[in-house]
Amino acid sequence: MAQAEDYILGRSYSEGLRLETQHLLFGIHNGSTMNPKIPITPESKIADVGTGTGVWLLELATQVPPTVQLDGFDISDELLPHESNVPSNVHFRIADAFSNAPDDCLEKYDVVHLRLFCCIVRGGNPEKLFQHAYSLLKPGGYLQWDDGNLSPEKLHIKGAEAEAFATFVRQGSGALNLSYSWVGDLPRYAEKAGLDVLNFRSETWSKALIPMATRTYVLGHVGAIAALYNSDHSSLPPREQADALLLELIGSIKKGGVYMYTPVHLLARKPT
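What counts and how
- Residues numbered from 1 in each chain as written.
- Predicted model: local features only at pLDDT ≥ 70, side-chain atom pairs only at ≥ 80, totals over all residues.
- Heavy atoms only, no water.
- UniProt positions renumbered as here; feature names shortened; annotations may be inferred.
- Helix = DSSP H or I, 4+ residues; strand = E, 2+ residues; numbered from the N terminus.
- Rg over C-alpha atoms; globule rule 2.2 N^0.38 Å.
- Buried < 20%, exposed > 50% of the residue type's maximum accessible area, 1.4 Å probe, protein only.
- Contact = heavy atoms within 4.5 Å.
- Areas by Shrake-Rupley, 256 points an atom, 1.4 Å probe, with all protein chains shown as cover.
- Salt bridge = Lys/Arg side-chain N within 4 Å of Asp/Glu carboxyl O.
- Pairing = 2+ DSSP bridges.
- Right-handed = clockwise from strand over helix to strand, strands pointing away.
- Axes fitted to C-alpha atoms, helices over the stretch in contact; angles between N-to-C directions.
- Parallel < 35°, antiparallel > 145°, perpendicular 65-115°, else oblique.
- Left-handed = near helix turned anticlockwise from the far one by under 90°.
- Nonpolar A, V, L, I, M, F, W, Y, C, P; charged D, E, K, R; others polar.

In the nomenclature of an unreviewed UniProt entry, the protein corresponds to S-adenosyl-L-methionine-dependent methyltransferase from the organism Trichoderma longibrachiatum ATCC 18648. According to its UniProt record, the protein has this under Sequence similarities (unreviewed entry): "Belongs to the methyltransferase superfamily. LaeA methyltransferase family."

What follows is the structure in C-alpha cells.
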C-alpha cells in the first residue's frame, strides 16, 4: 500500500504521463539511459530511488542482461505498473528516501540512480538523500543523479506571460519552503557524503528540446499550484489569478514562449 506523503506534484494519471515524457526528455538530452562510464556486468544490481512510474528501470531492462537485478524504490506505489507488465528482473518496493534504507539493501547496489528531487527537498538541504544513496551503494559503486536547477538565474524565460508566471512561482516557492540552489551544489554535497565526484554537467536543453522541456515543466505546475493553495498561505493571490497566469503561459508557448529549467547530471563513486 502507498504511504502518505507530501509530493507536491500529485500522482494523477496525467502526472504519470508527464513523468514518462520527462524521462524521454532526459534520455535524449543525456544520450543514454545510464551514463556509459558506468560498467555493467550480468551480476550487477541497480537501484532507482524515487522511481515514480518505474520508467527508468523499465527502459534499462531492455538494455542490460536479464540477470541484472533492477530494484525501484518509492514512497508511493500509486503510479507503478501492474506486475503483469514488469520484467522478471525488475522489482518495486515502498521506501522513504529521506529515512534509513532497508537493512537488507545496505551496500547492495553497484549503481544507484536518482532523478528530479528538486521539488521534493524542503529547506534546500539534500544531505539525507545523499546519506540514503551512500548506504545503498557497494564500495566502488556509482551514483547517477539527474536533476533540474530551478533557481531564478538558471531558468530560461521568454515572453511576458512566462515572466509574469515566474514572478508568481517565486512567491509560491517561498510559501512551500522550496529553494533550488542546492542543485547547483550537488558535487559539494556528494563530496560531503563521502563520494568521489567523477563528472558534473549543467547544460541547457538543445534548441530541438525546448518545446518538450517547456511543456513538461509547465505541466508540472498544475499539481504544484493545487498543493500551494491547499497549504492556505495568506500571502498568495487569489487562486483564479494563478490559474489565469498558467493558462496565459500555456497559450504563449504556441507563440514561442519559453519557460524551462537547466538540467544537471552528476556522476559520483563510493570509494572502495
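Caption draft 1: A look at the overall build of the protein. Across its full length, the protein carries 8 helices and 9 strands. Rg of the C-alpha trace for the protein: 19 Å, near the compact-globule value of 19 Å for 272 residues, within the 12% margin. The 272 residues of the protein split such that 50% are buried. In the protein, once contacts between residues fewer than 6 apart in sequence are set aside, the share between residues at least 24 apart is 80%. On the protein, roughly 12,600 Å² of surface is accessible, and the fraction owed to carbon and sulfur atoms is 53%.

Caption draft 2: Spotlight on the pattern of salt bridges. Per the counting criterion, the structure on display carries 9 salt bridges. The partner of Asp-243 in a salt bridge is Arg-239, and the shortest N-O contact between them spans 3.1 Å. Here Arg-239 and Asp-243 lie together in helix H8 (residues 239-253), a separation of 4 residues that amounts to about one turn. The class for Arg-239 is partly exposed, based on a relative accessible area of 33%.

Caption draft 3: Examining the pairing of strand E5 (residues 137-149) more closely. Across the 13 residues that make up E5, a large majority, 11, are buried. The sheet contact formed by strand E4 (residues 109-115) and E5 spans 6 bridges and is parallel. Directly across from Tyr-109, in E5, lies its bridge partner Leu-137. Since E4 and E5 lie parallel, the crossover through helix H3 (residues 127-136) that links them has a hand, and here it is right-handed. Two elements, E5 and strand E9 (residues 262-269), share 8 bridges in a ladder whose sense is antiparallel. By the bridge assignment, Leu-143 is partnered in E9 with Ala-268.

Caption draft 4: The arrangement of the packing of helix H4 (residues 160-175) against helix H7 (residues 210-230) in detail. It is at 11 Å that the axes of H4 and H7 come closest, and there the two elements cross at 50°. Between H4 and H7, the interaxial angle falls into the category oblique. Of the two possible hands of crossing, H4 and H7 adopt the one that is left-handed. Along the contact surface, H4 presents Phe-165, Phe-168, Val-169, Gly-172 and Ala-175, while H7 presents His-221, Ile-225, Leu-228 and Tyr-229. Looking at the contact of H4 with H7 residue by residue, the class counts come to 7 nonpolar, 2 polar and no charged.

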